[in-house]
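# Examining the three-dimensional arrangement
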Amino acid sequence: MTPDSLTYLRCEYLVDPLGIDEPRPRLSWVQQSSRRGAAQTAYRVVVASSADRLAAGEADLWDSGRVASDQSTHVEYDGAPLTSRAACHWQVTLWDERGEPLTSPPAMWTMGLMESSDWQADWVTHDPQIVARDPGAQPPTATQPGTPALFRKSFDAPDGVVRATLYVTARGLVEPRLNGAVVTPDCFVPEWTDYHKRLHYRTYDVTRHVRAGENALAATLGDGWWSGYIGWQETRGQYGTLENSLLMQLEVELADGRTIVVPTDGSWSCTTGPIIASDFMMGETYDARRERTGWDQPGYDATDWLPVVEVPPATVRTPRFGFSNNAPADSGEPLPLVAQRSEPVRVVERLAPVSVTTVTPGVHVYDFGQNFSGWVELSAAGPAGTRLVLRHGERLNPDGTLYTENLRRADATDAYTLRGGGAETLRPHFTFHGFQYLEITGIDEPLPLADVRGCVVMSATPPAGEFECSHPLVNRLWKNALWGQKGNFLTVPTDCPQRDERLGWMGDAQVFMRSATYNMDVAAFFTKWMNDVTDSQDADGLFPDVAPRIDEGDNFVGLDGLGGGAGWADAGVIVPWTLWRVYGDRRIVQRHWDAMVRWLDWLERVNPESIRENHLNNNYGDWLCIPADTTFRTHSEMKTLLATAYWADDAAKMAAMARALGRADEADRFDAMFTKVRAAFGKRWLEDEGRLAVETQTAYLLALAFNLLPEADRAAAASRLVELIAAEDWHLSTGFIGIKHLNPELTLAGHADVAGRLLTNEDYPSWLYPVVHGATTIWERWNGWTADDGFFNPQMNSFNHYSLGSVAEWLYRHVAGIELDDASAGFKQFVVKPYPTDNLQHAGATYRSVHGEIESRWRIEDAQFKLRVRVPANTTARVFCPCPSDGAVTEGGQPAAEAEGVQLVGFADGYAELAVRPGLYEFAAPFGQYA
Ligand code: RAM
C-alpha cells in the first residue's frame, strides 16, 4: 500500500498561480489513498503571507479551523481581505474516515493588480520613424503586417532584492525579456479575449533575473489578434487600429522595504529588429542579419534608438454586428485590465519529422506524421543571406507536393534569412500554423530530420483522460479527437487552426466540450472563454455564434449576422451548465446567470408561439450533415425543429441550474418554459407512434436527447431512428449537431449494437473512413477527401476540426462507462456503466476528475465480463456491471456482496448494480451465455 497523500493543490483551478484577481479565490485538493473507503471527514486550510510564516504555523491570512466536511473542491478563501500583490502560502490538513490527519505540502498563489490605480505604467508604442528610416522594415497597412518593434529600458537595482514581479500586457503580442533572458515560456501574451471589452495581463516572478547594478528590461511587440488578420477578414486591424502598444510594470521589492517600480513610459526607447513582419495567418519573415546582439542586456549602446511614444489607454467599444446593424460605438471608458485566469499558450510537445522527400530539385517536403498546430524550429547553417522559405500544409497533392488550397488566404509561410557564420536556431515568434507537412525551399540539400522540430503549441491545459480498446482504428480515432483538441484549444476553442478562420465558433465548442473535459482539464480554459462569450452578448441578449465576436465586415452588415444561431449561441447556456456538472462549479453559473436569463428572455420575447422560428439569423442547422440536406439556408422546417429543441434544452438546463443555486422561483419559471416549448414541439412535429414530421437522424436524436417526447413514444422513436440508419445502409448522416448525440442516444435507447456498428464502419461516410485514409486529426467534413472525388472544394475543407470527433465523449461515458451521476456534480458521486458491443473485446479509460483519478476497464475473457474500477478517495460510485439477473457477480474472486467497500443493490436490465466506496476493484460476472 502506498501511503496516503494530498496532491494537486489548486487555486482557481491553477497550480501555484501568480496574479489572481478573484477577491475570494477557491481552493481544491485531491486526497490519494489506496485504502478502501478512504474519505475526508474534516479539513483545515491555513493561509500565510509568507512561506516562513506558513512553516512556523502562523496563519496570518486565514485559518479555517477544523471544518467537519467532505468538501475538497472550491473551498472559498474566507480570511483577511486580500490586497493587490499579496502572497498567499497555503496548506491543507484533512482528517480521514479513521480520524487520522494528513497534511499537504505547501502551495501558493499571489494576487494581481486589482485596482486600476496599481498601474503606474503608461501605454507606449514605437515612433514610426524607426520604420521609416530602416530600409529593411515595413510599415503596417490594412493588408500588410508592419515590422515588430523592440523596446528597452535600463535601470539600476541595489543589492537585497527579495521579490521582483513583472506585470505585462499589450495591444498586440509581447515577448518580455530581462537582462537577456526570456522571462517566460508563454507564447502569445496577452491571449485573445474580446478586446473590445477586456484585456488580460500576465504576472511573472522575475526575481532570479534581477541583479545588483544595471539591468535591462526589454520586449518585442507583434500583431496577433489585436492588429493582425483574424477570421476571414480581408483587412487587418479589427479592433480599430493597426498600432500595437505595450504596458509593462516591473516591481522590485527590496529587503529594506522599498520597492523600485520600472513602468513603461516616455523614457523607454525603441527600434526595429530582425522580425520584418509577422501575422497569424500569413506567417513570419525573419532576417537574422538584423539581430542586435545584446539589445536586451545591460551595457548595450542604444544611442541610435528613438524614444517611444506614449499613447492613451484603450477604451470599451461596441463593434459592428450584422444583425443589429449598429454603428460601432466607443464608450470612452478605459478597457478593464484583468488577470489572465487560464493556462498560458505554450509549446507542449516537440515532434520529429518521420520523413523528408525532395519532390523536385530544391523543394524538400517533411512529414511530421501528425497534423498539429504550432511551428517549426530549425537548426541551419549557411552563408549569410541564404533565404529559407517554409510553407505549411495539412495534406499532399497526389504528386507529393504540398497541398495548400484549403488554407484560403492564409499564406502560412515563414521565411528566414541566415546570419551566416555557423549554426543558427530559427523559429517564428508571433504566428502559428496548422499542418502535418512542411516544405522547405532555398537550400539544395534537405536539412537532416533532427534539425527540423515540430513545436506543438496550445493552451497548456493539463491532460486528464485516456481511452483504449481492442480496436486499433478506434484508438486512432480517439487520438485524432485528442489532436483536434490540441490543435484548436489556443486561448479560445477554435474551429480550425490552418485557414483564415480560427474563430471561437460556439457550436463546435459546445458539441465537443464534454469530450474535451475528459481529454484534458479544461475548467480554467472554459471559465475564461465564457467571459468572452458574455462579453460578446449584444444588447438584445443574443449570444454570438463566435466568441470573441468580430466586427462582421460589410459582407454581413444588414444581413443575418453572427449571433443567435441555434446550437451555436446556445453554448452560452451549455458551457456554464457543463462546468457545473463536470467540475461542480457553481460560481460560473452565478457569474453568468443574468446573461443566460437575458438570452432566454430574448428567445421567449421573439417567439411568442414557443416555436423558435424568428430572428434565427445565421441558421446553420445540422451543419455539414449528409446526405439529408438540413444545412445552411435550406430545409427550414428541420432547422426550426433543431432551434426549438435547443431552446427547450436551454430552458431545462436553466431550471436545473436554478435549482442547484437555490433560485426556486426561477427554477419554476424555466420548468414552465421547458414544458411549454416541449408541448409546442410535440404539437408541430410529433406524429403517431413516436414518428416525427421531419425525418432526419438528427431530428430523432434531439427529440430523444432533450426529452421532447412522451415517455411512451421514446422506444418507437428510437426504433424509427434505427430504421433511418438502416435505410442509409447502416451509416450515419448527421452533421455537427446530431453527431454528438448519435451513439449516446442509440446506446441509452438499447441500441448499443447499432452504435458499435456505426463506430467501426470503415466505408464512407463514417468516423473511421478518414482514419483508414491516414487522418491524424478529425476532418471538418465527412467528405473532406474521398477515394471517388478526391479533395472537397477547398473553400471550406479543413482537416483539423474537432466537431465530428465529439464521439470521444461516448467512448469515455458509455464504452468505458465513466459517467456523471444525475444526483451529483463534479464526479463526487459518479456512475460506472459500460455498454459492451460485439466488435470490442476490451475497452477502458482513466479520467482525472476534480476529485481524483477514476478508472474503468473491462475485458471479455473466459465467458466472463471482467471490470476493473478505481473509485478515488472521498467519492462514491454506482457501478453497473453487465450480469444476468441470476448471475453471480464477484469482486476479487469472492461474492461481490461480501467484498469490502461494495454493496449489491440489485439486478436490472442486464446489469448488477453495486454501491461502491473508494478503492480499486476487480469485478467479474458471467457473460455471453444469456441474451
Ligand atoms: C464554419 C466554421 C465552423 C462552423 C461554422 C458554421 O465556417 O469552420 O466550424 O461552426 O462555419
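Residues numbered from 1 in each chain as written. Predicted model: local features only at pLDDT ≥ 70, side-chain atom pairs only at ≥ 80, totals over all residues. Heavy atoms only, no water.

Within the protein, the regular secondary structure consists of 16 helices and 51 strands. Relative to the compact-globule value of 30 Å for 931 residues, the protein shows a C-alpha radius of gyration of 28 Å, a close match. Along the longest, intermediate and shortest principal axes, the C-alpha atoms of the protein span 90 × 70 × 60 Å. Burial statistics for the protein: of 931 residues in total, 63% are counted as buried. For the protein, contacts bridging at least 24 residues in sequence account for 74% of all contacts bridging at least 6. Taken as two groups, the 81 positive and 123 negative side-chain charges of the protein have centres that lie 2 Å from each other. (Helix = DSSP H or I, 4+ residues; strand = E, 2+ residues; numbered from the N terminus. Rg over C-alpha atoms; globule rule 2.2 N^0.38 Å. Buried < 20%, exposed > 50% of the residue type's maximum accessible area, 1.4 Å probe, protein only. Contact = heavy atoms within 4.5 Å. Lys, Arg positive; Asp, Glu negative; His and termini not counted. Charge placed at Lys NZ, Arg CZ, Asp CG, Glu CD.)

Right, let's get into the UniProt feature "domain: Alpha-L-rhamnosidase C-terminal" (unreviewed entry) in the protein. When the UniProt feature table is mapped onto this chain numbering, "domain: Alpha-L-rhamnosidase C-terminal" (unreviewed entry) sits at residues 822–889. Annotation note: span residues 822–889, helix share 0%, strand share 54%, distance between end C-alpha atoms 25 Å. (UniProt positions renumbered as here; feature names shortened; annotations may be inferred.)

Right, let's talk about a negative patch on the surface for a bit. Judged by side-chain charge, Glu 728, Asp 729, Glu 762 and Asp 763 come together as a negatively charged surface patch. With respect to the helices and strands, Asp 729 occurs in the loop between helix H12 (711–727) and helix H13 (736–748). (Patch = residues over 30% accessible without salt bridge, like charges linked within 9 Å, V, L, I, M, F, W, Y side chains within 5 Å. Areas by Shrake-Rupley, 256 points an atom, 1.4 Å probe, with all protein chains shown as cover. Salt bridge = Lys/Arg side-chain N within 4 Å of Asp/Glu carboxyl O.)

Right, let's get into the site of the ligand. In the vicinity of the ligand, the contacting residues are Asp 495, Arg 499, Glu 501, Trp 505, Asp 508, Trp 568, Tyr 620, Trp 623, Phe 736, Glu 780, Met 796 and His 801. One of the side-chain nitrogen or oxygen atoms of Asp 508 is found 2.6 Å away from an oxygen atom of the ligand. A total of 290 Å² of accessible area belongs to the ligand in isolation, and the protein chains cover 95% of it. Tallied by class, the residues present in the shell around the ligand amount to six nonpolar, one polar and five charged. (Near = heavy atom within 4 Å. Polar contact = N/O pair within 3.5 Å; in protein donor to acceptor, adjacent residues only side chain to side chain. Nonpolar A, V, L, I, M, F, W, Y, C, P; charged D, E, K, R; others polar.)

With that settled, consider helix H8 (residues 587–606). Over its 20 residues, H8 runs 29 Å from end to end, which matches the ideal 28 Å to within 8%, given 1.5 Å per residue. The largest bend along H8 reaches roughly 55° and is located at Trp 593. (Expected span 1.5 Å × (residues − 1). Bend = angle between axes of the 7 residues up to and from the residue.)

A separate point is the sheet that holds strand S36 (residues 465–469). The strands that make up a sheet pair up through hydrogen bonds in the backbone, lying either parallel or antiparallel. Strand order across the open sheet formed by seven strands is S36-S43-S44-S45-S51-S47-S48, with antiparallel pairing between neighbours. Each edge of the sheet is formed by a strand with only one pairing partner; in this case those strands are S36 and strand S48 (894–895). Inspection of the sheet shows strand S43 (residues 842–849) paired to strand S44 (residues 852–861) by eight bridges, in the antiparallel sense. Opposite Gly 844, over in S44, you have Arg 857 as the bridge partner. (Pairing = 2+ DSSP bridges.)

Here the focus is the pattern of salt bridges. Tallied over the full model, the rule gives 71 salt bridges. Here Arg 44 ties to Asp 63 by a salt bridge, and the two come within 2.5 Å at their closest N and O atoms. Taken together, the residues span a long stretch of sequence, with Arg 44 in strand S3 (residues 40–48) and Asp 63 in strand S4 (residues 62–63) at a distance of 19 residues. Note on Arg 44: relative accessible area 32%, which makes it partly exposed. Looking at Asp 63, the relative accessible area reads 36%, which means it is partly exposed. With a shortest N-O distance of 2.7 Å, Arg 98 and Asp 96 are connected by a salt bridge. The network of salt bridges with shared partners includes Glu 12, Glu 22, Arg 24, Arg 26, Glu 76, Asp 78, Arg 341, Asp 585, Arg 587 and Arg 591.

What follows concerns the side chain of Asn 519. Looking at the secondary structure, you find Asn 519 in helix H5 (residues 506–519). For Asn 519, the side chain forms a polar contact with the side chain of Trp 478, separated by 3.2 Å. With sequence-adjacent residues up to four places away left out, Asn 519 is seen in contact with Pro 463, Ala 464, Gly 465, Trp 478, Ala 481, Leu 482, Gln 485, Phe 512 and Tyr 812.

Before going further, it helps to spend a moment on the domain arrangement of the protein. It is common to report an interface's size as the accessible area lost on association of the parts. Each assigned domain of the protein is listed here: domain 1 (5–110), domain 2 (119–278 + 291–311), domain 3 (345–459), domain 4 (688–760) and domain 5 (818–930). Its C-alpha centre places domain 1 at a distance of 46 Å from the equivalent point of domain 3. (Domains from an automatic or database assignment.)

Bringing the sheet that holds strand S12 (residues 173–178) into the picture now. Pairing in this open sheet of six strands is antiparallel, and the strands run S13-S12-S15-S10-S18-S21 from one edge to the other. Looking at strand neighbours, the two that pair on one side only are strand S13 (181–182) and strand S21 (306–307), the edges of this open sheet. Pairing geometry for strand S10 (residues 149–157) and strand S15 (residues 213–222), over nine bridges, is antiparallel. Across the sheet, residue Ala 157 finds its bridge partner in S15, namely Gly 213.

This next bit is on the nonpolar core. Counting residues in each nonpolar core, the largest one holds 214 residues, and the members touching the most others are Phe 188, Ile 440, Phe 467, Phe 526, Leu 600 and Phe 923. Examining the composition of this core, we find that 13 residues originate from one element, helix H9 (residues 636–660), more than from any other. Setting aside its immediate chain neighbours within four residues, Phe 188 contacts Leu 173, Trp 225, Phe 280, Val 345, Trp 375, His 429, Phe 430, Thr 431, Phe 432, Val 457 and Leu 490. (Core = buried A, V, L, I, M, F, W, Y, C linked by side-chain atoms within 4.5 Å.)

Of all the 18 residues making up strand S28 (residues 363–380), 17 are buried; the element is thus mostly covered by neighbouring parts of the structure. Inspection of the sheet shows strand S27 (residues 355–360) paired to S28 by five bridges, in the antiparallel sense. For Ser 355, the partnering residue across the bridge sits in S28 and is Asp 367. Here S27 folds back onto S28 in antiparallel fashion, the turn holding two residues, of which Gly 362 has a positive phi close to 80°.

With that settled, the discussion passes to H12. Helix length check: H12, at 17 residues, gives a terminal C-alpha distance of 25 Å against a target of 24 Å (1.5 Å per residue), a fit within 8%. In this structure, the buried side of H12 is in contact with helix H11 (697–705), H13 and helix H14 (752–760). Within two residues after H12, Asp 729 carries a phi angle of roughly 55°, on the positive side.

Considering all chains together, one arrives at 53 aromatic pairs under this definition. Ring geometry for Phe 188 and Phe 432: centres 5.9 Å apart, planes at 45°, overall tilted. Residue Phe 188 is located in the loop between S13 and strand S14 (199–205), and its partner Phe 432 is located in the loop between strand S33 (424–426) and strand S34 (433–441); the two are separated by 244 residues in the primary sequence. On the basis of relative accessibility, which here comes to 4%, the residue Phe 188 falls in the buried class. Between Trp 568 and Tyr 620 the ring centres are 4.7 Å apart and the planes differ by 45°, which places this aromatic pair in the tilted class. Of the two residues, Trp 568 sits in the loop between helix H6 (523–535) and helix H7 (571–583) while Tyr 620 sits in the loop between H8 and H9, which places them 52 residues apart along the sequence. For the pair formed by Trp 568 and Tyr 620, the shared burial category is buried. Taking NZ or CZ as reference, Lys 486 lies 3.9 Å from the ring centre of Trp 483, over its face. (Phe/Tyr/Trp six-rings, centres within 6.5 Å; stacked < 30°, edge-to-face > 60°. Lys NZ or Arg CZ within 6 Å of the ring centre and 35° of its normal.)

Attention now moves to the environment of Val 189. Within the fold, Val 189 resides in the loop between S13 and S14. Contacts of Val 189, omitting those with residues within four sequence positions, involve Gly 172, Leu 173, Val 174, Arg 202 and Tyr 204.

In this section: the environment of Glu 22. Among the structural elements, Glu 22 can be located in the loop between strand S1 (5–11) and strand S2 (26–32). Relative accessible area serves as the criterion here: at 10%, Glu 22 is assigned to the buried category. For Glu 22 and Met 114, which are 92 residues apart along the polypeptide, the C-alpha to C-alpha distance reads 8.7 Å. Excluding residues that lie within four positions of it along the chain, Glu 22 makes contacts with Glu 12, Met 111, Arg 341, Arg 587 and Arg 591. Here Arg 587 takes part through its side chain, which lies 3.2 Å from a polar atom of the side chain of Glu 22. A distance of 2.7 Å separates the side chain of Glu 22 from the side chain of Arg 591, its partner in a polar contact.

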